[in-house]
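Take a look at the letters that make up each chain.
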Amino acid sequence: PLAPRAERRLVAADRLRVVAVDRSRVSFPPPVGLCTVAMLKLASTALGLSPRRAMEVAEDLYTSGFISYPRTESTRYPAGFDVAGALAGHETDPAHGPIVQWLLLKSQAGGLQLRSGVDAGDHPPISPTRAAPRGALRGGPARGLYTAVVRHFIATLLP
C-alpha cells in the first residue's frame, strides 16, 4: 500500500529534493556449471515451474537436441569441453550476441578458462547444445528454461 501512494505523490510532485544517496558496489562470482538441482531451483524461482514440470520441459529440450542431458550432479565441465560448439549460433542473438562473440574470440585465443566445480562422475553440467531459432520453441516454459540454461552457461564463462 505504501509504494503506490508514494508513486502517486512522486508523479504529482512539481519538484523533488534528494536528501541522501547511498552507493555500494556488489559483485557475485560467476556460477559453476548447472546441475539438475540448480536447474530445478532456477526453473522454480525464475519461471514458477514445479520440479516435475521443469524436468518434463528439460527432457523435451534434451530430446529435441537443444540442451545436454538434464540429469546430472556435476558442476565441472570436462577437460576439452567444446565451448565454441555450445556457443555456436548464439552470437547473432540480440539479447546476448555481443558477449557470445567476445567469449568466442577469447576462446579462440586460448584465454577462456572453465570454472572449477564438482565432477560427480555422471554427466557434464547442463548446457546448450545448439541455438534455438526464434520459432523453434514456442514461448512458454520451453523458451524460458532454454534461455535460462543458455544465460547460465554464458555466465559460467565470464571472468
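Please refer to the structure placed before this passage.
The notes below deal with the structure included here. Everything numeric here is computed off the predicted structure, so don't read it as measured data.

1. So, helix α3 (residues 51-63)
And then number 1: The terminal C-alpha atoms of α3 lie 18 Å apart, and with 13 residues this matches the ideal 18 Å at 1.5 Å per residue to within 8%.
And then number 2: Looking only at α3, the buried set comprises A54, M55, V57, A58 and L61. Seen from one end, α3 has its buried residues packed into an arc of 165 degrees, which puts them on one side. Facing away from the buried side of α3, by more than 90 degrees, are the exposed residues R52 and T63.
And then number 3: Against the buried residues of α3 lie α2 (36-47) and α6 (140-157).
And then number 4: A positive backbone phi angle near 85 degrees is found at G65, which sits one or two residues after α3.

2. Details of α6
And then number 1: The end-to-end C-alpha distance of α6 is 27 Å, a good match for the 26 Å that 18 residues give at a rise of 1.5 Å each.
And then number 2: Counting buried residues along α6, 13 of its 18 residues qualify, which places the element largely inside the surrounding structure.

3. Concerning the packing of α2 against α6
Each pair of packed helices can be described by the angle between their axes along with the distance between the axes.
And then number 1: The geometry of α2 relative to α6 is characterised by a closest axis approach of 11 Å and an angle of 125 degrees between their N-to-C directions. Of the possible angle classes, the one that applies to α2 and α6 is oblique. By crossing handedness, the relation of α2 to α6 is classed as right-handed. Here M39, L42, A43 and L47 of α2 lie close against α6, whose contacting residues are G144, L145 and A148.
And then number 2: For the contact of α2 with α6, the per-class residue count stands at six nonpolar, one polar and no charged.

Calculation notes
Residues numbered from 1 in each chain as written. Predicted model: local features only at pLDDT ≥ 70, side-chain atom pairs only at ≥ 80, totals over all residues. Heavy atoms only, no water. Helix = DSSP H or I, 4+ residues; strand = E, 2+ residues; numbered from the N terminus. Expected span 1.5 Å × (residues − 1). Buried < 20%, exposed > 50% of the residue type's maximum accessible area, 1.4 Å probe, protein only. Arc of directions from axis to C-beta. Contact = heavy atoms within 4.5 Å. Axes fitted to C-alpha atoms, helices over the stretch in contact; angles between N-to-C directions. Parallel < 35°, antiparallel > 145°, perpendicular 65-115°, else oblique. Left-handed = near helix turned anticlockwise from the far one by under 90°. Nonpolar A, V, L, I, M, F, W, Y, C, P; charged D, E, K, R; others polar.

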